[in-house]
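Analysis of the macromolecular model
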Amino acid sequence: MKKLLSLIVIFLITGFHSQNLKNFSIPKNYKKVTEIKGDLDKDGKDETVLVFDTDKTASDYERAPGKKDYKRIFYVLKNEQGQLKIWKENSILLYSSGMGFYPDDNILNIQIKNNCLVVEQQFSTNSRHSQTSKHTFRFQNGDFYLIGSYDNFADNCEFDFTNEVNFSTGKVIVDKEYSSCDDNTKIPENFHKEFTHKLKTLIKMDDFRIGNHKLKIQGLKEDFVF
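Residues numbered from 1 in each chain as written. Predicted model: local features only at pLDDT ≥ 70, side-chain atom pairs only at ≥ 80, totals over all residues. Heavy atoms only, no water.

**Side note on unusual backbone geometry**
- Its identity as a non-glycine residue notwithstanding, Asn-29 has a phi of 75°, on the positive side.
- Structurally, Asn-29 can be placed in the loop between strand E1 (22–23) and strand E2 (31–38).
- Its identity as a non-glycine residue notwithstanding, Lys-42 has a phi of 60°, on the positive side.
- Relative to the elements of secondary structure, Lys-42 occurs in the loop between E2 and strand E3 (47–64). (Helix = DSSP H or I, 4+ residues; strand = E, 2+ residues; numbered from the N terminus.)

**Observations concerning the environment of Glu-177**
- Within the secondary structure, Glu-177 sits in strand E11 (residues 171–178).
- Considering only alpha carbons, one finds Glu-177 and Lys-37, 140 residues apart in sequence, at a separation of 37 Å.
- Not counting chain neighbours up to four residues away, the residues in contact with Glu-177 comprise Glu-158, Phe-159, Asp-160, Phe-161 and Asn-190. (Contact = heavy atoms within 4.5 Å.)

**What about the sheet that holds strand E9 (residues 143–155)?**
- Spatially, seven strands are ordered E6-E7-E8-E9-E10-E11-E12 in an open sheet, and the strand pairing comes out antiparallel. Where the open sheet ends on each side, the last strands, each with one partner, are strand E6 (107–113) and strand E12 (191–196). Pairwise comparison of adjacent strand axes, ignoring direction, gives a mean angle of 10° for this sheet.
- In the sheet, strand E10 (residues 159–166) pairs with E11 via eight bridges, with the strands oriented antiparallel. Paired with Asn-163 across the bridge in E11 is Val-174. (Pairing = 2+ DSSP bridges. Axes fitted to C-alpha atoms, helices over the stretch in contact; angles between N-to-C directions.)

Encoded structure:
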């Protein structure tokens, strides 16, 4: 009897949850960039993540006729009885389609690993510099929270800087490597520091904007920006 009641409760909760989610259909003039599937809430069912170039321009940038810089959006969808429904949507995490110096070489790699959504992006800030970021989000307490951040800023001749933090363990890594293509240039000493910093409250996906958050690096004047 108890098992039967439990099944009824689960069914009612699932049905109520499904009714609250909006049906998904591809917005007009949106262009699909990528699609992945995986289980994000540990219910044994795969969610679908879809990324689109929207029809909204991010800037006046245009490499070639008709090739503009479009804002991007992604949806996390649940499949309820054959109907895709919007579980989460976000339009502030992804860089635009024409971001950087060589947009055609930009990288967008979205994966679902260990029930977490991992978003990796890379672009060139100029002919020598590349910027790589990777952010990991986990669904818990009814929402998606940032639990990991990786940022790398590199010059193809002079430096390679990495900031990495695991917000679950609090482990922070700051790494600065220097080099030179000129044999006569004095190269600064490399720097590596690891320490622990626990956030009082994890950051929700909807509240996260790349580069707008920071924490103090122990023993240094500069901040750790993520």
